[in-house]
Each structure stands twice: as structure tokens, then as C-alpha cells.
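Letter by letter, the chains look like this.
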Amino acid sequence: MNFFGKMLLIISILYCMPSAGSIKNYAPPEKVPKYILKLLHNHKYDQAINELRNILSKSRDREDSLKMLPILAKCFIAGKEWDSAAVIYKKLSEIDAHYKEWWESLYNIVIGPEYGYKPVHLPKTINSPQNEILPVISSDGKELFFIVENIKTKNQDIYYSKKDKTGRWVKRMPLTTLNTKYSDGVLGIFNNGNALLLLGQYKDDGTKTPGFSISKRINGKWSKPENIKIKGYKTKSKFVSATISNDGNIIIIALDRKEGYGNLDLYYLKRNPDGSYGPPVNLGPDINTPGNDGTPFLASDGVTLYFSSDGHPNLGNGDMFVTRRLDDSWTKWEKPKNLGKELNTIFWDAYYTIQSDGRNAYFSSSGYGTYGGTDIFYVSIPESLRPRFRLVLHGKVVDEKNNPLVANIKYFDKKTKSILANMSSDKNGLFDIPTQSNNVYLLSVTADGYDPLKMDIDLRITPADTPYTVNIILKKKKIPPLLKQNLIHFDFDKYDIRPQDEDILLGLIQILNTYPEIKAKIIGHTDSVGYRAYNKKLSIKRAEAVKNWLVAHGISEERIICEGMGEKMPIADNGTAEGMAMNRRAEIILIREEK
């Protein structure tokens, strides 16, 4: 049937339906014959359209029509016959007062402009006949974590893949150090790719309990997960999804709780000074509905939130939406916007994750012709749907020989002095900080063994959407001199530390605590009175007395080297009482340990 024939049939059915008015519910019910659903599942949309036409032409029951027509609209949407779907939604909004706003929203979605955005199916090095879900992309877009779920056993394991030099995804590998016999998954990657938010809490006996944990990348390997304590954590749902801010201070999580607005709601958890999170605070009615609102992803700007919902008007079995935080409360948001007819399908679409540049999104979908149940896709997203502040500060930290450094980076608003980011550069010395233009910031960079560096970042003249790059060179710390002198003196034939020399040793302790890469070499000496063998032993005892004093005051003995020179190296004349007193000493030498 041509387009005009379809429209005449639809319009004739719609005009025969009486109007109704009742209390507004959050979503219209759907009850479709199983054979129609099977046709949709197998992408036989034209055949499904014919079957639905036959049902509608034979029935004048209003309830049947209200249930069948939305499915007919979905068939048109699947075939990108937007005008046909628009006619149905337009009339439904006129005659079905119960869900008037719902139909109007869907009408506005399908009549919207097309931008030509087409999801790209990731290759078979990542996707398979199993379910691939919950992709998590690194900020540079070169590392992908995801869950592979066995369709039969429902066992879920963490897999990852990296891009090679040509930009192709290499064959996926299981993350064996974090996988167990229970359900495992990476929910978020943060701190510039140096930390993972993981599903579940890992116990020493190999079992897992509900909750979350964090694994850190140390020397290129993922550490044993550290369990997160969440105050007031509880949920009635077995479905768990969450996202974490790049600085690790905020977790947004989907929970099913008695005090919520519906089934799954989104809550935020704030990190407490003791490292715990919570209690959970509902994001509010701007986002949450009586339906299921979940699979959140907080963009690198800390403002833009993507999530899936079947409680907001959607084209299929839960669509992806975007909203933006209006203030610092985390409970006031813009009205969520459906990502649109080109990015959402009539099937299940969820788990959006976006690179720090905001241009490409990775997601899971059961549409678009998957290899199995659910696969992973990526798509370029329109400007209006991207994170709001896409000015990214790209940086690299190196030493004076251009070797990359893992450094701690703090980023402050210079005017308010508030800290905006606290993170680490990666193993290549690289870091990304999402920020805004038209402001001045302070960057503080520190690394063990290197002088700290502070610098202003003036973005007032930087156009928005323009990457800002800064190269940071840290200089090695120089060995400081002792505050006054480096000699400890002793009474005749004694090796006790005299009270008048303790100030020197306290100064030494301060230096050793400040510079952890420095060791102290203690060399004992004597005057010339007595036998050489005796003086040798006495000089060693004097060196060890200094060491024992330092150890008793908190310095590790591994950082202290002792040596005794006896009477071999006088610095004054042993023929006088004053000279012998000067020679009865312990000399302190500072040594930098090269890494």
C-alpha cells in the first residue's frame, strides 16, 4: 500500500474512535499478540504492518485500537516512515486525553529534522552472539570496558579491548583479575583512566555481596578492589547501574526504594570525608517517573546526565535521554530530552557512555541488526545533545629529560579558591580536565621527588570547544643543606646524644619527612686517644647512636646508613683539648636515591 493509502486507512480508524478523559498515567499500556511481537523481533515490519491493519480493520473496539495503533507507529518508525508515524501520534493526542502529553511528545520527536547520524556496529572483535552490555569508554576513546553476558547461563564477566595504532579494536580479552564466578562489571572509569567503579563488593573468600568497589591502576595493573561503604544503601531491584564523576566525588545510581517516585529511580551519593558515600538522595521528579529510570552516565563536565527511561515518552522499550544540572544541589534538572528518532530505536537502548570530547557515544542496543541479543554501537551525537562545557584542558607531565610522570593534579577556581578537580596523570603523563571558558584557574602539580609547580590557566580568551593544551615539566628536588650544621659531637669516650645537639637532629627529621627519596649516611669519628681497634668500634657506636635516635623519632632504619672511621679522618689538631673535642663527632651526609 502506498503512503496515501496508509494514511487514509489510519485516519478512518482514528475518526471512528470516541474520546476519553481520565486521570493521567505515566505510560500507555501495550498488549500485543505474540506473533506480532515476533515479527518485530525479526525486523519484518511490512508484514507486521499488514497484520496490524487487518486487526484494526476488523475491530471497532476503542481499547484494541489504542493498544494496536502505537505498535503500528513503531513499525513505521522502524522503517523510518516518520510521516506515517506522525499521523498516528497526532490523532492519538487529539482523541486520547488520558495520554495526551505522551502522544504530543512522540509526535514532536518523529517530525523533528534528520541529521544523518547513524550508529556504527562495533566489530566482531568486540561483539558476539552473546549479550554485550554496559560499555565504558576511556576519556581518550582508546580503551573500552564492557560486560559479556552468556545468554544461557546469564553469567556476566568484564571484558576489555584497546585500539591499535591503526585505530582498530583488537580482540577482546577478559579482565581475569577482576572477574569472579558471580556477576561482574565495570560501571565507570574515572581519575583519567586510573580507577574503575566495579559492580559488587569483593570478599577475601572469593564471594561477592551487593554494593560497589574501586580498583586502581598501579604500574599498569588493576589493584585488588577496595569495597565502598554506602550509608543507607538498599534497593528492591536486582538490576544495578551507576556512574561516577571524574573526580570520584559523586556517584549516581539507580535504586528501587519505597520512598521513590516509581520503580527504578536515580539517586546521587556524595563522598564523605572518611571515604564512604551516601546516604542516597533522590534526583527528584524532573528526572524520575513512576516507571524505570536507570543506566545513568554523568559526562565529563559534571553537569550533563544521560539515562534510560520508559517513564518519559519513548519510541521503544526504554529510550535514552539527556538532561543538565541547573545548580549545585543535584536535585534540579532541565526537562529531560529524548535523544531522538535517529539515536533511539523501537527496541531497548541504554548505557550511553561518552568520550571526554563529547562527540562520540557508545551504547548497548538490541536493534540495528545485532549478532546476538544485545551488541555495542557508537554514534556521533548532535551538538545540542553533547555535554555543555566541552572545553577540555589536555596536559602532559614530564621530567627534565622528557620522561612521563604520574603526578597528582589539583585544579582550582582562582577566584573562589574552590577545588574543581583532584586527579592523577596516567602512565604516559597525560591528563584531561573538562572545564569552561571565560575563567581563570590555578593548576597545582606534585610528584614524589620533584619540586611542586603552580601555574595560572587563563581561558578568558579561549574560544569554547577549543582544546587547551599545557605541557608541564617538573624539576627534581635538590638535596637541601642541614639547617645549621651536619656534625653531632660527643663527650670523651661516650656515644650518648647530647641535649644541645637534638635541634640538629630534629632539623634532619624534618628534611627526611619532606623528601622521602633522601637517605642519611652517618659516619662516626673519634679523637686519637686509645687503641685504633677500640676507636673503630667507638666510632661505629656513635654512628649507630644517631641512627637509633632517628628511628625512635619515626624515621625508617632502611633510610639510614652507618659507618665508622675511627681516628682516621680528624678535622682538627688532636694535640689540643679543643681539637680532640671537634674530632669526637658523627658526620651526616644526605644521599638522593635515584629512581
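All values derive from a computational prediction rather than experimental measurement.

Undergrad: Honestly, the side chain of S237 in this entry has me stumped. Any pointers?
TA: Within the secondary structure, S237 sits in the loop between β10 (226-227) and β11 (242-244). There is a polar contact of 3.0 Å between the side chain of S237 and the backbone nitrogen of F239. Residues in contact with S237, not counting those within four places in the same chain, are D256 and L264.

Undergrad: Sorry if this is basic, but what is going on with empty space enclosed by the protein here?
TA: To locate leftover empty space, one rolls a probe as large as a water molecule over the atoms. Going through the model one piece at a time under the given rule, you end up with 4 cavities of 30 Å³ or more. Of the voids in this model, the largest cavity is the one considered here, and its volume is about 280 Å³. When contributions to the lining of the largest cavity are tallied by element, the ones reaching two or more residues are β2 (131-137), β6 (186-190), β11, β15 (293-298), β19 (349-354) and β25 (430-435). Across the lining of the largest cavity, the residue classes break down as 11 nonpolar, 12 polar and 1 charged. In this structure, the second largest cavity spans a volume of roughly 100 Å³. L134, L187, A242, P296 and Y351 are the residues nearest the centre of the second largest cavity, which is lined by 13 residues in total. Those elements that place two or more of their residues in the lining of the second largest cavity are β2, β11, β15 and β19. Looking at the lining of the second largest cavity residue by residue, the class counts come to 9 nonpolar, 4 polar and no charged.

Undergrad: Is there a simple way to explain the sheet that holds strand β31 (residues 560-564) in this structure?
TA: Within a beta sheet, neighbouring strands are joined by backbone hydrogen bonds and run either parallel or antiparallel to one another. Read across the open sheet, the 4 strands follow the order β29-β32-β30-β31; overall the sheet is mixed. On the outer flanks of this sheet lie β29 (487-489) and β31, each paired with one strand and no other. Within the sheet, the average angular offset between the axes of one strand and its neighbour, ignoring direction, is 20°. The strands that helix α7 (residues 502-514) touches are β29, β30 (518-524) and β32 (585-592); relative to β32, the one it contacts most, it runs at about 10°. The strands touched by helix α8 (residues 532-552) within the sheet are β30, β31 and β32, with β31 carrying the most contacts at an inclination of about 160°.

Undergrad: I would appreciate a short explanation of the pattern of salt bridges in the present structure.
TA: Charged atoms that come close allow side chains of opposite charge to pair. If you walk through the whole model with that rule in mind, you get 17 salt bridges. For E132, the salt bridge identified is with R172, shortest N-O distance 2.9 Å. Placement of E132 in strand β2 and of R172 in the loop between β4 (156-162) and β5 (173-174) is noted, with a sequence separation of 40 residues between them. With a shortest N-O distance of 3.0 Å, R584 and D527 are connected by a salt bridge. Placement of the pair is R584 in the loop between α9 (577-583) and β32 and D527 in the loop between β30 and α8, with a sequence separation of 57 residues. Using a relative accessible area of 3% as the deciding quantity, one classes D527 as buried. Salt bridges sharing partners connect three or more residues here, namely D491, R498 and D501.

Undergrad: Help me out: how do you make sense of the pairing of β2 in this one?
TA: Counting buried residues in β2 gives 7 out of 7 residues, a clear majority hidden from the surface. Examined bridge by bridge, β2 and strand β3 (residues 143-149) share 5 bridges and lie antiparallel to one another. For N131, the partnering residue across the bridge sits in β3 and is E149.

Undergrad: Explain the confidence of the model for the protein to me, please; I cannot follow it from the model alone.
TA: Close reading of the predicted structure is inappropriate where its pLDDT is low. The share of residues in the protein with pLDDT of 70 or more is 91%, and the mean pLDDT across the chain is 86. The low-confidence segment residues 1-25 (pLDDT under 50) makes 45 contacts with residues lying over four places distant or belonging to another chain.

Undergrad: I tried to follow the environment of E567 on my own but got confused; where do I start?
TA: Summarising the element assignment, E567 is placed in the loop between β31 and α9. Here the alpha-carbon distance between E567 and Y233, two residues 334 residues apart in the chain, equals 70 Å. For E567, the contacting residues outside a window of four places in its chain are T526, D527, S528, G530, Y531, R532 and N535. One polar contact links E567 to N535, side chain to side chain, over a distance of 2.6 Å.

Undergrad: Before we go on, may I ask you to explain helix α5 (residues 82-95) in this structure?
TA: The α-helix winds at 3.6 residues per turn, so residues separated by three or four positions along the chain end up facing the same way. Between the first and last C-alpha of α5 there are 20 Å, a value that for 14 residues agrees with the 20 Å anticipated at 1.5 Å per step. For α5, the tally of buried residues reaches 10 of 14 residues, placing the bulk of the element in the interior.

Undergrad: Looking at this structure, I do not really get a nonpolar patch on the surface. What am I missing?
TA: A contiguous nonpolar surface patch, about 200 Å² in accessible area, is contributed by I561, I589 and I591. Position of I561 among the secondary structure elements: in strand β31.

Undergrad: Teacher, can you tell me more about the sheet that holds strand β26 (residues 440-446) here?
TA: Spatially, β24-β23-β26-β27 is the arrangement adopted by the 4 strands of the open sheet, whose pairing is antiparallel. Each having just a single partner strand, β24 (419-424) and β27 (453-458) make up the two edges of the open sheet. Along the sheet, successive strands turn relative to each other by an average axial angle of 20°, direction set aside. With 6 bridges connecting them, strand β23 (residues 408-413) and β26 associate as antiparallel partners. Pairing of D413 across the sheet is with Y441, part of β26.

Undergrad: Got a minute to help me understand the side chain of S276 in this structure?
TA: Tracing the backbone shows S276 in the loop between β13 (265-270) and β14 (281-282). We classify S276 as buried; its relative accessible area is 3%. Looking at S276, its side chain comes within polar contact range of the side chain of D274, at 2.6 Å. Setting aside residues up to four positions removed in sequence, S276 forms contacts with K229, K231, K270 and R271.

Undergrad: What is the right way to read the packing of aromatic side chains from this model?
TA: Aromatic ring pairs are reported here in terms of the distance separating the ring centres and the angle at which the planes meet. Counted under the stated rule, the structure contains 14 aromatic pairs. When the ring of Y89 is compared with that of W103, the centres are 6.0 Å apart and the planes differ by 20°; the resulting orientation is stacked. Here W103 lies in helix α6 (residues 100-110) and Y89 lies in helix α5, a separation of 14 residues in the sequence. The buried category is assigned to Y89, whose relative accessible area is 1%. By relative accessible area, which is 2% here, W103 ends up buried.

Rules of the game
Residues numbered from 1 in each chain as written. Predicted model: local features only at pLDDT ≥ 70, side-chain atom pairs only at ≥ 80, totals over all residues. Heavy atoms only, no water. Helix = DSSP H or I, 4+ residues; strand = E, 2+ residues; numbered from the N terminus. Polar contact = N/O pair within 3.5 Å; in protein donor to acceptor, adjacent residues only side chain to side chain. Contact = heavy atoms within 4.5 Å. 1 Å grid on protein atoms, 1.4 Å probe; cavity = no way out; pocket = protein on both sides within 12 Å on 5 of 7 lines; lining within 4 Å. Points joined across faces, edges and corners; volume = space filled by probe spheres on them. Nonpolar A, V, L, I, M, F, W, Y, C, P; charged D, E, K, R; others polar. Pairing = 2+ DSSP bridges. Axes fitted to C-alpha atoms, helices over the stretch in contact; angles between N-to-C directions. Salt bridge = Lys/Arg side-chain N within 4 Å of Asp/Glu carboxyl O. Buried < 20%, exposed > 50% of the residue type's maximum accessible area, 1.4 Å probe, protein only. pLDDT = per-residue confidence, 0-100. Expected span 1.5 Å × (residues − 1). Patch = residues over 30% accessible without salt bridge, like charges linked within 9 Å, V, L, I, M, F, W, Y side chains within 5 Å. Areas by Shrake-Rupley, 256 points an atom, 1.4 Å probe, with all protein chains shown as cover. Phe/Tyr/Trp six-rings, centres within 6.5 Å; stacked < 30°, edge-to-face > 60°.

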